[in-house]
Every structure is written in C-alpha cells, then in structure tokens.
Amino acid sequence: MQGMEDVTDLDIISTEEAEKASITELLRKLSCSEKGLSTSEAEERIQKYGYNEITEKKAHPLLKFLSYFWGPIPWMIEVAAVLSVLIRHWDDFSIIMALLLFNAGIGFWQEHKAANALEALKEQLALKARVLRDGKWQELVAEKLVPGDVTRIQLGDVIPADVKLIEGDYIDIDQSALTGESLLVSKKIGDVAYSGSVAKQGEMVALVTSTGSNTYFGRTAKLVESAAPISHFQRAVLTIGDFLIYMSLGLAAMLILVQLSRGAPVLELVQFALVLIVASIPVAMPAVLSMTMAVGALALSRMKAIVSRLQSIEEMAGIDILCSDKTGTLTQNKLTLGDPVTFEAKDVQELILTGALASEAENPDAIDRAVMGGLKDQEALSSYQQLKIVPFDPVHKRTEATIKDSGGNVFKVTKGAPQVILSISQIDPSSKTRAEEIVNEFAAKGFRTLGVAKADEGGAWRFLGILPLYDPPREDSAETIARAQAHGVQFKMVTGDNVAIARHISEQLGMGKNIQPAGQLFKKDVDAGHLSSQAAMQIEQADGFAQVYPEHKYGIVKALQARGHIVGMTGDGVNDSPALKQADAGIAVSGATDAARAAASLVLTAPGLSVIINAIEEARKIFERMNSYAIYRITETIRIMFFVVLAMIAYNFYPITAIMIILLAFFNDIPIMTIAFDNTVLDPKPVHWDMHRILTLSAVLGLIGVVETFGILIIAKDWLFLGVTQIQTFIFLKLAVAGHLTLFVARTRRPFFTKPYPSQPVLWSAIGTKLLATLFVVYPFGLITPISWINVALIWVYCLVWIFIEDIAKLGVYRHLELKTPRHRNFLSFIKQPVTHYAAWCHRKGAWKE
C-alpha cells in the first residue's frame with residue numbers, strides 16, 4: 001500500500017496545488033487511498049505535519065509578568081517610589097515597591113487562572129470530524145486530522161481542514177466569513193473546500209489536503225472568541241473606573257493646591273497625593289472581575305453549560321425573554337409512529353416502507369428512526385438499493401431518494417411536510433381537501449405528520465398517504481418553564497410545525513395559546529426595521545411562533561430587541577446561526593451543529609431546558625457578586641479620599657501616612673478577591689446595571705463613612721488627647737476594620753446579619769486580615785506608632801456600632817429607590833425613626849428567621 005511509504009518523503013500540499021491537481025494525483029502525492037489511513041499512519045503523519053490547529057503565539061510568562069509594571073497605574077506607583085527615594089523615606093519606598101509587586105502578582109495570577117479556565121472550556125468545545133480510519137467511519141477531534149485522511153462533510157459541519165471533494169453529488173458551502181462572498185458556493189467532485197467554511201446543504205466525502213497553519217487561511221474555525229465587543233458590563237466597569245479616577249484626581253489636585261499655599265514640602269506632598277490616588281483607584285478591579293467570571297464559568301460548565309466568552313455571563317443574567325426551540329428542547333425528540341392514513345398506497349405497510357426508503361439508513365435522524373421502526377418486516381428494506389438521496393433541508397422541507405428494487409426497476413420516493421408533498425403530487429381536489437383535514441385533525445392532537453409520495457421513473461408523483469408522529473413534551477419542561485416564569489423570564493416557543501401542533505404543546509406546558517404564524521408577521525422582510533408597529537407588538541405579546549423558517553428566527557430576535565428586551569435564543573442547526581449571533585445570549589442546545597455552537601455564547605452539553613434555567617440562575621448570582629464589589633469599591637474610594645482631603649484642609653496634618661494607605665490597600669484587596677466565591681441571593685427578576693442605584697447607595701455609604709471617620713478623629717484628638725502619630729494609627733485601624741464591615745453591608749440588600757451569610761472564604765479572609773491589622777497597630781515593628789489594647793477595643797466597638805447605622809441607611813436607600821409612593825416623604829420618615837423601621841423591615845421580610 002502506498003500509505004506505508006516513509007512520511008518524510010511526503011510533500012506539504014498548498015491549497016493552490018490541491019485546486020489544480022486531480023484526485024488521482026493528490027492520492028499519489030499524499031501516498032494514500034480513498035479508503036483512508038490507518039491509525040499508525042495517521043500518528044506518523046502527525047509527527048511530520050503537526051496537529052490540525054493553529055499554534056497561538058503566547059507571550060513568555062516573564063514578559064507577561066513584566067507587562068504589569070507598564071501602564072498609567074503602575075507608572076503612578078513607580079513615581080511615588082522614586083519620590084520616596086528622593087525624600088529618603090525608605091520605609092515608604094519598601095512598602096510602595098511591595099504594593100507594586102503585589103498588584104503585578106495578583107493581576108498575573110488571576111489572568112493566568114482565567115486563561116486556564118477558558119482553555120478548559122475551549123477543550124470541551126473542540127470541533128469533531130467524521131473520519132475513515134482503519135477501514136471504518138469514526139468521530140475524532142478535528143485536531144487529529146492529517147493530510148491523506150478521508151472525511152465525511154454533512155449539513156451544519158464546520159469544515160475542519162482544506163479538503164478535496166472526492167465522492168457525492170454536491171454540497172453548498174457558506175464561506176462568507178472567509179472570503180466575504182454573501183451567496184452560497186456550490187461545490188462538486190474535484191472542487192476544494194476551505195477550512196472554517198460551513199456546509200449549508202448536501203453531503204460529500206472529501207480528502208484532507210492541508211491542515212493547521214498550512215490551510216489556505218491558516219486557521220480553523222474559532223469557537224471560543226478571544227476578542228469580543230464591549231459588553232454592557234464592561235461599559236459599566238469603565239464608567240465606574242473613570243468616575244473614581246476623575247474624582248480622585250480632582251480631590252488630590254485640591255489637596256495639593258491647599259497644602260502648597262500652606263508651605264508644605266512639594267516632593268513629600270506629591271508623593272502622598274500619588275499614593276492616595278493609587279489606593280483610591282480600583283487597581284484590583286480587573287483581577288477581581290476576571291476571577292469572579294472565571295469561577296462562574298467553571299461553575300456553569302459543571303452544570304453542562306459552557307460559555308464561549310466570559311462577558312456572555314452578564315447577558316444570561318439579564319435575559320427577560322427566552323425563545324426556545326420545541327423539538328428536543330421542550331419535547332423529548334423521541335418520535336413514535338401513530339396510525340398511518342393511506343391514500344394511493346395498497347396498505348399501511350407499503351406506506352411505511354416507502355417512507356423508510358426515503359430515509360437515511362446510515363445516518364438516521366429521529367424522524368427516520370420512527371418511520372423505519374414502524375416496519376413489521378425490517379428485512380423488506382434489503383430488497384431495495386438506495387442509489388441517491390437528497391437529505392432534508394429547512395428550505396425544501398422534504399427528503400428525496402432514488403431507489404432500485406430487486407427486479408432492476410428504478411423509482412423515486414419522497415417524504416416531508418404534507419403541504420409540500422401535496423403541492424408536488426398529482427391528486428384530485430377532494431382527496432387534497434381530505435388530506436388537509438386529516439393533517440389538521442392530527443395537529444389538533446399534537447401529532448406531527450409526514451406526507452409520502454412515490455414516482456416511477458419519468459412519472460408523476462403519487463400521494464401515498466400520511467404518517468402521523470408524536471413527540472411528547474419532556475417530563476421536566478412544564479416545571480422548568482414555571483421556574484423560569486417565576487424568575488421573570490418569559491418563554492416563547494419557536495417551531496417549524498404548524499400552528500395547531502405548536503398551540504397543543506404550548507397549552508400542555510402552560511405557555512399560553514397565542515401562537516402566531518411567522519409568515520404572517522414577516523410579509524416583506526425579516527429585518528425588524530421593516531416591521532409594522534402592529535407586527536412588532538404581536539411578536540412581543542405572542543406566546544410562540546409556528547411555521548418558522550430560519551430567517552424568521554433572526555427577525556423575531558431583532559424585533560424583541562427593538563422593543564427593549566434582552567433576548568435569549570436557542571438553536572441547533574446551521575441555519576439558526578444568524579439568530580444565535582444576533583441574540584443577546586445565543587444558546588446552542590445539546591447536539592447542536594458545529595456552526596450553531598460557533599455562533600452561540602452558551603453551549604449546552606445536556607438536553608432539556610433545566611440546564612438553561614440553571615445557567616440563568618448562576619449568571620444572576622455572578623452578577624450580584626460583581627454588583628456588590630462595585631458598590632463596595634466606590635464607597636471605599638469616597639470614604640478615604642473625601643476624609644483625607646477634608647481632614648488635611650481642616651486640621652493641617654496628615655490624618656494617615658503613605659505607608660498606612662498602602663497597607664490598607666493590602667488589607668482590603670486580598671479579601672476582596674474571595675468575593676468570587678461569595679453566597680448571594682438569587683434575584684427573582686432579570687438583572688442589569690442600574691448605575692443610578694449603585695452610585696446613590698455608594699455615595700450614601702461613603703459619606704456616612706466620612707462622618708464616621710471624622711467622629712473617631714475627634715474622639716482621638718479632643719477626648720483622648722492623642723498625639724498626631726497615634727491619631728494616624730487610630731485612623732488606620734478604623735479604616736481597616738470598617739472597610740470589610742462595609743463589604744458585609746454592601747453584599748446584600750437585606751440586613752447584613754441575615755441569609756445569605758458570607759461564604760467561608762469571604763468571612764475568614766476578612767477576619768484574618770482585620771486581626772493582622774489589629775496586631776500590627778499594637779506591635780508595628782517600628783513602622784508606625786503603636787496604640788493600646790484599650791484604644792483597639794474602642795475602635796472595634798465604634799465600628800461595630802456604625803455598621804448597623806450603615807445597614808439602616810442602606811435599607812432606607814433601597815426603600816427610597818424602589819417604593820412607588822412619594823420618595824422624599826418615605827425616605828425622611830425612614831431616617832427619622834431608624835431603629836423602629838429597621839426592626840419593622842426585618843420582621844416584614846422574615847429577616848429574624850433563618
């Protein structure tokens with residue numbers, strides 16, 4: 001056999017060569033045959049050609065680590081370090097450098113963990129290919145393809161390598177993502193198909209000519225996107241970051257101007273201002289958010305839901321309408337054959353046999369299996385030879401096969417949507433009317449029907465009869481839909497079946513009766529911009545859509561988005577890809593084609609709807625963690641910046657030193673990383689970024705913190721008569737202790753001491769760092785002035801009292817923002833009697849229970 005030649009003698013064949021060469025020449029050059037390769041030959045060729053993948057150029061870990069020392073925030077820390085050297089504050093210099101290394105280390109570690117999480121998810125989304133190895137067809141990971149392999153390409157496949165088509169009738173390919181051609185390109189035997197293009201219609205066998213970086217475009221289809229448009233969440237983070245940076249710079253500039261007018265040393269003042277700005281800017285924000293989303297993505301993967309990009313978690317959390325396929329998602333996709341109705345068929349078994357002959361025996365789908373399963377004599381099929389088959393596609397809605405019987409007679413058979421089969425058959429009007437009535441009767445009972453026809457060679461189609469099929473709802477569908485509705489998610493069924501079938505299933509599942517035929521809604525164009533306002537309203541109010549073509553799904557999504565909804569769309573076929581891409585959260589269901597998975601932001605690996613609802617619930621929890629972090633971070637910046645600036649202006653001394661500010665960053669940033677593992681309340685409604693609420697609550701808590709810190713400053717200065725250095729230590733411990741107590745307030749909309757309690761990592765990291773801060777102020781190793789244990793106890797008691805005041809204010813803000821009654825009156829009345837209202841709120845919400 002030619003394939004046994006030394007693989008080192010094989011040439012690397014370019015796509016241009018493959019296009020010009022004949023199939024015979026390519027088989028000779030690749031030293032293979034149409035029977036494919038053996039496993040041992042394939043392994044040898046992997047050594048020569050490498051795996052069928054594009055090796056990403058990854059930065060060296062050291063260079064990646066060093067990159068964290070380059071950028072606006074690192075520059076400010078580095079300038080502060082240089083200024084510390086110039087003014088010979090060596091303690092400041094040491095701790096500033098430690099902060100610089102700490103930020104770089106945390107950022108590097110968190111990004112590394114997030115990248116590893118994405119790699120793990122990426123492996124689960126690996127392309128698969130059907131390959132002829134060792135004389136039999138098998139499914140392999142596409143990266144194991146080598147030149148000389150023989151592969152089968154079917155509807156919906158992403159072509160895994162550059163190939164030469166060697167067997168089959170035709171295949172229509174969408175290579176728009178690669179060449180920009182908007183129309184499908186029809187390929188036949190001898191043509192070349194490119195890696196990364198998508199099979200839209202037909203089926204062919206192909207010879208792999210180039211793999212990996214040797215393909216025409218130098219890449220395979222990329223399922224997990226590394227770059228994506230800025231999401232709502234990223235915009236919110238940028239807004240928060242900009243707000244904090246500009247506020248910090250403004251306050252620092254005011255501080256510098258006031259202190260310079262008082263004759264403060266310039267270098268020392270600038271160094272302090274830089275350290276203050278660095279501590280106020282959310283340095284850890286990217287690391288915290290990456291960690292939170294990566295942990296969430298891994299949690300979703302354990303629930304059999306794989307995210308293709310981390311930002312898609314936010315879209316999942318905000319979904320308020322979910323358009324779901326019926327077959328296989330709402331129903332079991334296990335069709336069973338009912339009682340057939342004959343027309344021109346001699347008997348029921350002839351009708352079923354004809355339908356079975358129009359099925360793909362080698363690669364049957366659910367319908368084919370149900371039809372063939374209805375045959376009493378399975379051996380009857382062996383008397384016929386299937387010469388050619390045109391598989392089902394969503395446009396023509398039927399399959400057609402050319403058959404030769406044992407006597408050598410050739411005829412055609414077809415099965416598909418009854419209205420399509422009736423339209424091509426010669427049938428008298430009364431029989432056609434009867435057939436339509438039977439179809440409607442079956443549909444009213446929830447049965448799906450197939451028309452079956454037969455044509456002798458050169459003859460017209462004869463309508464043989466109707467095969468009824470029933471796909472019962474999944475056992476968990478009704479319960480899952482009820483759960484979704486309780487979470488504020490409206491379900492809309494999307495199906496290609498007729499209105500009667502869709503309405504029957506919809507009623508069974510408690511989804512409503514308002515089923516709209518898609519064709520009547522989209523009379524001209526599927527683009528939402530061409531819809532009348534009445535049609536758009538009908539789409540919004542509908543419980544589902546029937547007789548849906550692939551382009552209708554795209555239009556439904558756009559119309560709902562135009563009405564202000566966050567839309568999720570499920571799909572599994574290649575023609576679902578535009579709708580999945582357009583949806584805020586495209587969801588490829590279990591068993592989806594490679595093309596659908598590539599377009600989706602969430603890929604399910606288990607059947608049914610419960611996986612989607614679990615993913616939505618987890619996404620909302622992840623969102624709540626990030627929301628809590630945003631509130632906490634803004635609050636702390638307002639608290640520290642306003643207090644330090646106002647205290648220096650009022651008292652003309654540093655209320656806290658540069659070293660203390662840097663240590664605060666350490667004590668606060670380490671525990672905040674654990675928020676990714678925190679327990680959260682599951683919001684009953686879809687969630688989205690409400691910047692008004694976030695900024696209002698943060699401003700209230702931050703300004704309370706300023707008042708609270710001024711209170712402890714006055715106690716230390718005017719009641720305890722402490723010196724400046726002791727006051728600084730006093731303030732440092734107060735800010736350290738109060739910081740994480742504020743996190744406990746911000747992390748929930750309920751009283752902080754009620755469920756959900758902080759997770760073990762959040763709780764113990766906060767306790768640990770606060771104990772370290774407490775020990776540090778008593779035994780400071782000469783870095784700061786120590787204070788007594790009595791002073792420490794006073795600070796702790798003071799902070800614990802104020803956490804209840806902050807909590808009362810938090811509940812008041814939420815009540816003020818959420819109640820529909822006049823806001824100012826309710827909010828002021830809440831503040832006037834805080835303890836009474838606090839207790840009443842706890843009692844009303846059951847906060848004193850569990």
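This is a predicted model, so every value here is computed, not measured. (Residues numbered from 1 in each chain as written. Predicted model: local features only at pLDDT ≥ 70, side-chain atom pairs only at ≥ 80, totals over all residues. Heavy atoms only, no water.)

Description of the overall build of the protein chain
Alright, step 1. Looking only at helices and strands, the protein chain features 30 helices and 22 strands.
Alright, step 2. Sequence separation of 24 or more characterises 72% of the internal contacts of the protein chain that already satisfy a separation of 6 or more.
Alright, step 3. Split by element, the accessible area of the protein chain, about 36,600 Å² in all, is 57% carbon and sulfur. (Helix = DSSP H or I, 4+ residues; strand = E, 2+ residues; numbered from the N terminus. Contact = heavy atoms within 4.5 Å. Areas by Shrake-Rupley, 256 points an atom, 1.4 Å probe, with all protein chains shown as cover.)

Description of the nonpolar core
Alright, step 1. Residues Phe272, Leu276, Met316 and Phe732 are the most contacted members of the largest nonpolar core, which totals 122 residues.
Alright, step 2. Sorting elements by how many residues they give to this core places helix 23 (residues 610-651) first, with 22 residues.
Alright, step 3. Phe732 has contacts with Ile656, Met660, Leu663, Leu664, Phe667, Ala773, Phe776 and Val777, leaving out every residue within four places of it along the chain.
Alright, step 4. One finds Ala542, Leu560, Ala596 and Ala600 within the second-largest nonpolar core, a separate group that totals 27 residues. (Core = buried A, V, L, I, M, F, W, Y, C linked by side-chain atoms within 4.5 Å. Buried < 20%, exposed > 50% of the residue type's maximum accessible area, 1.4 Å probe, protein only.)

Comments concerning the confidence of the model for the protein chain
Alright, step 1. On average, residues of the protein chain score 80 in pLDDT, and 82% of them are at 70 or above.
Alright, step 2. Note that pLDDT drops below 50 for residues 219-229; the model gives that stretch 27 contacts with residues more than four away or on any other chain.
Alright, step 3. With pLDDT under 50 throughout, residues 845-850 is counted as low confidence; its partners more than four residues away or in other chains account for nine contacts. (pLDDT = per-residue confidence, 0-100.)

Examining the side chain of Glu400
Alright, step 1. With respect to the helices and strands, Glu400 occurs in strand 13 (residues 398-404).
Alright, step 2. Residue classification places Glu400 among the buried residues on the basis of a relative accessible area of 18%.
Alright, step 3. In terms of polar contacts, Glu400 uses its side chain to reach the side chain of Arg398, at 2.9 Å.
Alright, step 4. Ignoring anything within four residues of it in the chain, the contact list for Glu400 reads Lys388, Ile389, Val390, Lys412, Val413, Thr414 and Trp461. (Polar contact = N/O pair within 3.5 Å; in protein donor to acceptor, adjacent residues only side chain to side chain.)

Considering the sheet that holds strand 22 (residues 602-604)
Alright, step 1. Here we have eight strands laid out as an open sheet, ordered 8-22-21-20-9-17-19-18, and mixed in their pairing. In the strand order of this sheet, the two ends are held by strand 8 (305-307) and strand 18 (515-517), each with one partner. Neighbouring strand axes in the sheet, compared pairwise and without regard to direction, differ in orientation by 20 degrees on average.
Alright, step 2. Sheet strands in contact with helix 17 (residues 499-508) are strand 17 (490-494), strand 18 and strand 19 (544-546), and its direction is about 160 degrees off that of strand 18. (Pairing = 2+ DSSP bridges. Axes fitted to C-alpha atoms, helices over the stretch in contact; angles between N-to-C directions.)

Describing empty space enclosed by the protein
To find leftover empty space, one rolls a probe the size of a water molecule over the atoms.
Alright, step 1. Under the criterion given, the structure shown has three cavities of 30 Å³ or more.
Alright, step 2. By volume, the second largest cavity amounts to about 60 Å³.
Alright, step 3. Of all the secondary structure elements, the ones that give two or more residues to the lining of the second largest cavity are strand 16 (462-470) and helix 17.
Alright, step 4. Among the residues making up the lining of the second largest cavity, the classes are represented as five nonpolar, two polar and four charged. (1 Å grid on protein atoms, 1.4 Å probe; cavity = no way out; pocket = protein on both sides within 12 Å on 5 of 7 lines; lining within 4 Å. Points joined across faces, edges and corners; volume = space filled by probe spheres on them. Nonpolar A, V, L, I, M, F, W, Y, C, P; charged D, E, K, R; others polar.)

So, the packing of aromatic side chains
Alright, step 1. Taken as a whole and judged by the stated rule, the model has 13 aromatic pairs.
Alright, step 2. Residues Tyr651 and Phe653 carry aromatic rings whose centres are separated by 6.1 Å and whose planes lie at 50 degrees to one another, so their mutual orientation is tilted.
Alright, step 3. A residue is classified by how much of its surface remains accessible, and Tyr651, at 27% relative accessible area, is partly exposed.
Alright, step 4. In this structure Phe653 comes out as buried when scored by relative accessible area, which is 14%.
Alright, step 5. The structure contains a cluster of three or more aromatic residues connected by ring pairs, namely Phe442, Phe447 and Tyr470.
Alright, step 6. Looking at Arg152, its charged tip hangs above the ring of Trp137, at a distance of 4.5 Å from the centre. (Phe/Tyr/Trp six-rings, centres within 6.5 Å; stacked < 30°, edge-to-face > 60°. Lys NZ or Arg CZ within 6 Å of the ring centre and 35° of its normal.)

Topic: a nonpolar patch on the surface
Alright, step 1. Where nonpolar side chains cluster on the molecular surface, the patch consists of Ile714, Trp719, Leu720 and Leu794 and spans about 370 Å² of accessible area.
Alright, step 2. When you line up the elements, Leu720 lands in the loop between helix 25 (691-719) and helix 26 (724-746).
Alright, step 3. Using a relative accessible area of 33% as the deciding quantity, one classes Leu720 as partly exposed. (Patch = residues over 30% accessible without salt bridge, like charges linked within 9 Å, V, L, I, M, F, W, Y side chains within 5 Å. Salt bridge = Lys/Arg side-chain N within 4 Å of Asp/Glu carboxyl O.)

Topic: the packing of helix 25 against helix 28 (residues 789-818)
Alright, step 1. At their nearest, the axes of helix 25 and helix 28 sit 10 Å apart, and the two run at 155 degrees to each other. One element, helix 25, and the other, helix 28, form an angle in the roughly antiparallel class. Crossing hand, helix 25 versus helix 28: right-handed. Judged by residue contacts, His692, Arg693, Thr696, Leu697, Val700, Leu701, Ile704, Val707, Glu708, Gly711, Ile712 and Ile715 of helix 25 engage Leu794, Tyr798, Cys799, Trp802, Glu806, Ala809, Lys810, Val813, Tyr814 and Leu817 from helix 28.
Alright, step 2. The class makeup of the residues in the contact of helix 25 with helix 28 is 15 nonpolar, three polar and four charged. (Parallel < 35°, antiparallel > 145°, perpendicular 65-115°, else oblique. Left-handed = near helix turned anticlockwise from the far one by under 90°.)

Details of the packing of helix 16 (residues 477-486) against helix 23
Helix-helix packing is characterised by the crossing angle of the two axes and by the distance between the axes.
Alright, step 1. Two numbers describe how helix 16 lies on helix 23: the axes approach to 9 Å, and their chain directions differ by 25 degrees. Viewed along their axes, helix 16 and helix 23 adopt a mutual orientation that is roughly parallel. Note on packing geometry: the crossing formed by helix 16 with helix 23 is left-handed. Touching Thr480, Arg483 and Ala484 of helix 16 are Ser610, Ile613, Asn614 and Glu617, all from helix 23.
Alright, step 2. Of the residues that constitute the contact of helix 16 with helix 23, the class distribution is two nonpolar, three polar and two charged.

Overview of the pairing of strand 1 (residues 128-133)
Residues in a regular strand point their side chains to alternate faces of the sheet.
Alright, step 1. Bridging between strand 1 and strand 2 (residues 136-141) involves six bridges; their strand directions are antiparallel. Within strand 2, the residue paired with Arg130 across the bridge is Glu139.
Alright, step 2. Where strand 1 hands over to strand 2, the hairpin turn is made up of two residues, of which Asp134 adopts a positive phi near 55 degrees.
Alright, step 3. Relative to strand 3 (residues 150-153), strand 1 is paired through two bridges, and the arrangement is antiparallel. Bridge pairing links Arg130 to Arg152 in strand 3.

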